[in-house]
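Now for the letters of each chain:
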Amino acid sequence: MRMRSSRFFRATLLALLTQLLIPSLTTQAQAPKTYSSSEILLGLKKLNVLGSVLYIAAHPDDENTRLIAYLANGRLLETGYLSCTRGDGGQNLIGPELREQLGVIRTQELLAARRIDGGRQFFTRANDFGFSKTPDETFTIWDKEQVLSDMVWVIRQRRPDVLITRFPPDSRAGHGHHTASAILAAEAFDAAGDPKRFPEQLKYVQPWQPKRLFWNTGSFFVKPGENMEGYLKVDAGAYNPLLGQSYGEIAARSRSQHKSQGFGSAAQRGEALEYLQYVKGDKATSDPFEGIDLNWNRVPGGAAIGKMIDDVIRKYDPSNPSASVAGLLKVREAILKLDQQAKVLGGAGSFFRMPEYYWIKSKQEQIEELIRGSLGLYLEATISEPTIAPNQAVAVRLDVLNRSAVPVTVRGVGALGFGRDTTLNTVLNTEKPLSLRLPLRFAAQLTTSQPYWLREVGTVGMYHVPDELLLAAGGELRTAQVPGVATVPAQHLPDGGGGKQTRERNAMLLVNQQNLIGLPENPAFAYVGLQINVLGTSLFYSVPVQYKSTDPVEGEKYRPLVVVPPVAVNIGGRAYVFADNQPKTIPVTLRAGKAGVKGSVALTLPQGWKSEPASFTFDLASKDAEQTVQFRVQPGGGTQEGKTELRAVATVDGQQYSRGYQAIEYNHIPTQVLFPEAVAPLVKLDLKRKGQEIGYLMGAGDEVPDALRQIGYTVTLLKPEDLTDQNLRRFDAVVLGVRAYNTVDRLKTVQPTLLRYVENGGNLVVQYVVNRGTVMPQIGPYPLTLSSDRVTVENAPVTFLNPQQPLLNSPNKITAKDFEGWVQEQGLYYPSQWDPKYQTVLSSHDPGEKAKQSAILVADYGKGHYIYTGLSLFRELPAGVPGAYRLLTNMVSLGK
């Protein structure tokens, strides 16, 4: 084994960077993919299909997973799902994460779904700002032209023959985002083929005109008895013998990945008709892809390749897939010849934009993956720790295993972008693993691996994608001329503490803004490249570097490689509420991203506030070590009521750091790490309260208990088995968390106990309950009918229906000012009907709608009080909205 110059990897790096334009490269945190014999045969059949379809909707979980599974695995088309948003504005059934954190969870749930149903995932920069009732409202908050540009970009990149929307472009869609997605899809259908629209994209792609646009309608959109004979019908319920499942069964597994939304689905078997209504383009009478050439004839000179693939399929031996490798290598050689012809015809540097290039590169990628699968070639690059810091040295372990009788020789390996590669001439004997250790040092200029769409501050309706994303690199690297991806010579980078040697030797890969748009997640921050020789043919594979561990219960687990700052700063709370001028303790935790981190930490406070002490020093000897310091924060005597903000800032070697470390861990998705700003709301308000002891039964998950503690209550978290007569009588109030009657099955058993608690003088507060999937038909002491009614305008004017109602007057006087500064929405899942024994408290409505009077319903029951509220307290309290604290205090104080 010897080291040589990086000439080989400069050439092969071009191949990798070209793939950066293919979103499949971004998939991280998975066990290395292996293929069954039947999956390989399915892949061979797919090699001979040159067709593409793009499904378009608004949110995660809007997609029709059955149709996607059918198109990808039955019709063998390249199938994508373009979700306008990442679902940040939804609710969370499995935990407390909301907004950006929920968007990250739902992004990963979509990726998990696509790994099952065979589709690919794409996004625009639109932010899910919450429920919207009209597309007009949506387009006042989204940047319509920017979202349209992103749709056009994905269409031009993926070149779909057919577009399919989930929703109609009118009110039947039921949500402003839904309607907007259909409107945008129709506009993008025309704009993608027009070179005058978004011409800045034409540096990387060329205009593309899809053949036709359909709306995937269904029984939930049409009126009872409506004639659907004019629609195209597709049976998406067929059984695929190569996969051993019907598309309905695949779809159920895929849809069930949307666990945060409670979308676990039962499998469907047998005929399942999907209806497609024509919207635009060439009409089709019998098949959605009618008149579209879906074979190799669509590539000039490609007809012979189709015949070669047919021959490989005909000779395929399911008991020995590796016998097909020789034939696949010949097919690959023929594809590469077409590639060279396209480059010659198109001229230097223009082959990225040629019509033939998309299918040539797509099929080259597929065939090389099929060769790997047929060889049983196992490739894995791992490190022994889940995080790395800038300028950190690590060892990457590369494991290579040939599980076939076909001779495979490893010619070279190296970490891409690190400028050094290792020449080998090692024959991989069957079932004899090759393990290599690659020492690397990451560049000092690296930033954190924060998701690219969360790196910069956006607007309520739009994410802001940075101009470029720096990927891990170190060592000398020359420029690779790939549109959208570049290298930066070391002299153009800051020193990073490494002196002249660092500047001379370090380089970084940059992915520009245009090529980030649409990607579901960051590319991996490090790849290992491997050159092998198979039957005289040189092949190159890139392997993402991941962290692998073995859990005693779950077994092998994979996590993306995470780049962390030298120190992370976490504030121990979501909001701090000061009902008087007494000081509060605010904990700040420092977490080391590397060993030997020393510095100081201080709070940045608004004028008039003070902290004791002014700062702390810290000394973290080992990586991942933590130190928590306690600041005593106090408002000044003249501090005005309202909400402000504090920030924690650590200083290390003259550099300031003010981001935390947040790991999101659920078994159905890879662990995700975010770096939120180290800020928290400071709320100063005049607040009186009654009672002291609160019992809280968690539902889907929220942070309301912390808010109650902030205002001085003693909160006991209850389990369903704690709901007994004896236990409940000690509480001044019992609060049920959001969606408790959707998620806590035992409530249908203990409901009589809760009502006895109220009857005996207790105060029960029930937060919003979704109107479908309740564990029991009635959740209150008297009949009420839940609905999907809501007020989406967060600052909608409020009218007090009974100003003398105790809930509005004691212990705090509630005024219209208490409904100012709310976030995302005012309330949701209001009852549509209720027994007269319930008293209404306030009224509000969205523009142009009738007043809704059931945001708060109060019923006297025996000696106590039952309160149902759809107000979005679960959002407002963590956001530090003063009025939300006053309202909640009055609710739990009622009758005291």
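If you're wondering where the values come from, they're calculated on a predicted model, not measured in any experiment. (Residues numbered from 1 in each chain as written. Predicted model: local features only at pLDDT ≥ 70, side-chain atom pairs only at ≥ 80, totals over all residues. Heavy atoms only, no water.)

(A) Region of interest: the overall build of the chain. Each helix and strand in the chain was counted, giving 19 helices and 46 strands. The burial tally for the chain puts 59% of its 896 residues in the buried class. For the chain, the share of sequence-separated contacts (at least 6 apart) that also reach a separation of at least 24 residues comes to 76%. Accessible surface for the chain amounts to roughly 34,800 Å². Of this, 49% is attributable to carbon and sulfur atoms. (Helix = DSSP H or I, 4+ residues; strand = E, 2+ residues; numbered from the N terminus. Buried < 20%, exposed > 50% of the residue type's maximum accessible area, 1.4 Å probe, protein only. Contact = heavy atoms within 4.5 Å. Areas by Shrake-Rupley, 256 points an atom, 1.4 Å probe, with all protein chains shown as cover.)

(B) View of unusual backbone geometry. Following Glu-612, the chain continues into Pro-613 via a peptide bond in cis, with omega recorded as -10°. Secondary-structure assignment places Pro-613 in the loop between β28 (609–612) and β29 (615–620). Looking along the chain, the bond that leaves Ser-810 and enters Pro-811 is cis, with omega of 0°. Residue placement: Pro-811 occurs in the loop between β41 (799–800) and β42 (827–834). Backbone geometry places Asp-653, a non-glycine residue, at a positive phi of 50°. Mapped onto the elements of the fold, Asp-653 is located in the loop between β31 (642–652) and β32 (655–657). Of note in the backbone geometry, Tyr-829 takes a positive phi value of approximately 55° without being a glycine. Here Tyr-829 is to be found in strand β42. Judged by relative accessible area, Tyr-829 falls into the buried class, the value being 6%.

(C) Up close: the nonpolar core. Judged by nonpolar contacts, the single largest core of 82 residues is most densely connected at Leu-708, Leu-736, Tyr-741, Leu-747, Ile-856, Tyr-868 and Leu-871. Setting aside residues up to four positions removed in sequence, Tyr-868 forms contacts with Val-766, Gln-767, Tyr-768, Val-769, Ile-779, Leu-786, Tyr-829, Pro-831, Ala-855, Ile-856 and Leu-857. Counting residues in hydrophobic clusters, the runner-up holds 59 residues, among them Leu-50, Ala-526, Leu-530 and Val-543. (Core = buried A, V, L, I, M, F, W, Y, C linked by side-chain atoms within 4.5 Å.)

(D) Here's a closer look at the sheet that holds strand β30 (residues 626–635). What the four strands build is an open sheet, ordered β24-β26-β30-β28; its pairing is antiparallel. The sheet terminates laterally at β24 (567–571) and β28, the two strands that pair on one side only. The average angle at which neighbouring strand axes cross in this sheet is 30°, direction not considered. As paired elements, β24 and strand β26 (residues 584–592) share five bridges and run antiparallel to each other. Paired with Val-569 across the two strands is Leu-590, which belongs to β26. (Pairing = 2+ DSSP bridges. Axes fitted to C-alpha atoms, helices over the stretch in contact; angles between N-to-C directions.)

(E) Region of the structure containing the pairing of strand β36 (residues 693–697). Burial analysis of β36 places four of its five residues in the buried class, which makes it a mostly covered element. The sheet contact formed by β36 and strand β37 (residues 714–718) spans five bridges and is parallel. Directly across from Gly-695, in β37, lies its bridge partner Thr-716. Note on the crossover from β36 through helix α14 (residues 704–710) to β37: the handedness is right-handed. The sheet contact formed by β36 and strand β38 (residues 733–736) spans four bridges and is parallel. Bridging from a neighbouring strand, Gly-695 pairs with Val-734 of β38. (Right-handed = clockwise from strand over helix to strand, strands pointing away.)

(F) Just the sheet that holds strand β10 (residues 273–281), in detail. Judged by pairing direction, the sheet is mixed, and its seven strands sit side by side in the order β4-β3-β2-β5-β6-β10-β7 without closing on themselves. On the outer flanks of this sheet lie β4 (120–123) and β7 (232–235), each paired with one strand and no other. When the angles between neighbouring strand axes are averaged without regard to direction, this sheet yields 30°. As defined by bridge partners, β7 adjoins β10 across four bridges and the pair is classed as antiparallel. Paired with Val-234 across the bridge in β10 is Glu-274. Helix α4 (residues 99–117) rests against β3 (78–83) and β4 of the sheet, and its axis sits at about 150° to β4. Of the strands in this sheet, β2 (52–57), β3, β4 and β5 (162–165) are in contact with helix α6 (residues 144–158), which crosses β2 at around 165°.

(G) Spatial organisation of the packing of α6 against helix α7 (residues 176–191). Look at α6 against α7: their axes get within 9 Å of each other, and the N-to-C directions meet at 55°. Judged by the inter-axis angle, α6 sits oblique to α7. In this structure, the crossing between α6 and α7 has a hand that is right-handed. Residue-level inspection shows Lys-144, Val-147, Leu-148, Met-151, Val-152, Ile-155 and Arg-156 of α6 in contact with α7, the latter providing Ser-181, Leu-184, Ala-185, Glu-187, Ala-188 and Ala-191. Classifying every residue of the contact of α6 with α7 by side-chain character gives nine nonpolar, one polar and three charged. (Parallel < 35°, antiparallel > 145°, perpendicular 65-115°, else oblique. Left-handed = near helix turned anticlockwise from the far one by under 90°. Nonpolar A, V, L, I, M, F, W, Y, C, P; charged D, E, K, R; others polar.)

(H) The arrangement of the packing of aromatic side chains in detail. For the structure on display, the rule yields 15 aromatic pairs. With centroids separated by 5.7 Å and ring planes inclined at 75°, the aromatic side chains of Tyr-782 and Tyr-861 adopt a geometry described as edge-to-face. Of this pair, Tyr-782 sits in the loop between β39 (763–766) and β40 (784–791) while Tyr-861 sits in strand β45 (residues 856–861), and the two are 79 residues apart along the sequence. The residues Tyr-782 and Tyr-861 share a single accessibility class, namely buried. Look at Phe-819 and Trp-822: their rings are 5.3 Å apart centre to centre, the planes differ by 20°, and that puts the pair in the stacked class. Trp-822 carries the same exposure label as Phe-819, and that label is buried. Three or more aromatic residues joined by ring pairs make a cluster, and in this case those are Tyr-782, Tyr-838, Tyr-861 and Tyr-866. (Phe/Tyr/Trp six-rings, centres within 6.5 Å; stacked < 30°, edge-to-face > 60°.)

(I) Examining the confidence of the model for the chain more closely. The pLDDT averaged across the chain works out to 90; a share of 90% of its residues lies at or above 70. Long-range and interchain partners of residues 1–11, a stretch whose pLDDT sits below 50, account for 24 contacts in this model, where long-range means more than four residues apart. (pLDDT = per-residue confidence, 0-100.)

(J) Expanded view of the side chain of Gln-257. The residue Gln-257 is located in the loop between α8 (247–255) and β10 in this model. Exposure remark for Gln-257: the relative accessible area of 14% places this residue in the buried category. Leaving out residues up to four positions away in the same chain, Gln-257 has contacts with Glu-109, Ala-112, Ala-113, Ile-116 and His-668.

(K) View of the environment of Val-406. The topology assignment puts Val-406 in the loop between β13 (393–401) and β14 (408–415). Judged by its relative accessible area of 12%, Val-406 is buried. Separated by 128 residues in sequence, Val-406 and Val-534 place their C-alpha atoms 7.6 Å apart. The contacts of Val-406, once residues within four sequence positions are left out, are Ser-322, Leu-375, Val-534 and Leu-535.

(L) Spotlight on the environment of Glu-187. Tracing the sequence through the fold places Glu-187 in helix α7. C-alpha of Glu-187 to C-alpha of Val-152: the two residues are 35 residues apart in sequence and 9.0 Å apart in space. Ignoring any residue separated from it by four or fewer positions in sequence, one finds Glu-187 in contact with Lys-144 and Leu-148.

(M) Structural context of the pattern of salt bridges. If you walk through the whole model with that rule in mind, you get 40 salt bridges. Through salt bridges that share partners, Lys-133, Asp-846, Glu-849 and Lys-852 make up one connected network. (Salt bridge = Lys/Arg side-chain N within 4 Å of Asp/Glu carboxyl O.)

(N) Up close: α7. Along its 16 residues, α7 runs 22 Å from first to last C-alpha, staying within 8% of the 22 Å computed at 1.5 Å per residue. In terms of burial, α7 is largely enclosed, as 13 of its 16 residues are buried. (Expected span 1.5 Å × (residues − 1).)

(O) The environment of Glu-249, seen in detail. In this fold, Glu-249 is placed in helix α8. Taking the relative accessible area as the measure of exposure, Glu-249 reaches 18% and is therefore buried. In this structure, the C-alpha to C-alpha distance between Glu-249 and Asp-117, residues 132 residues apart in sequence, is 9.9 Å. Beyond its immediate stretch of four places on either side in the chain, Glu-249 contacts Ala-267, Gln-268 and Arg-269.

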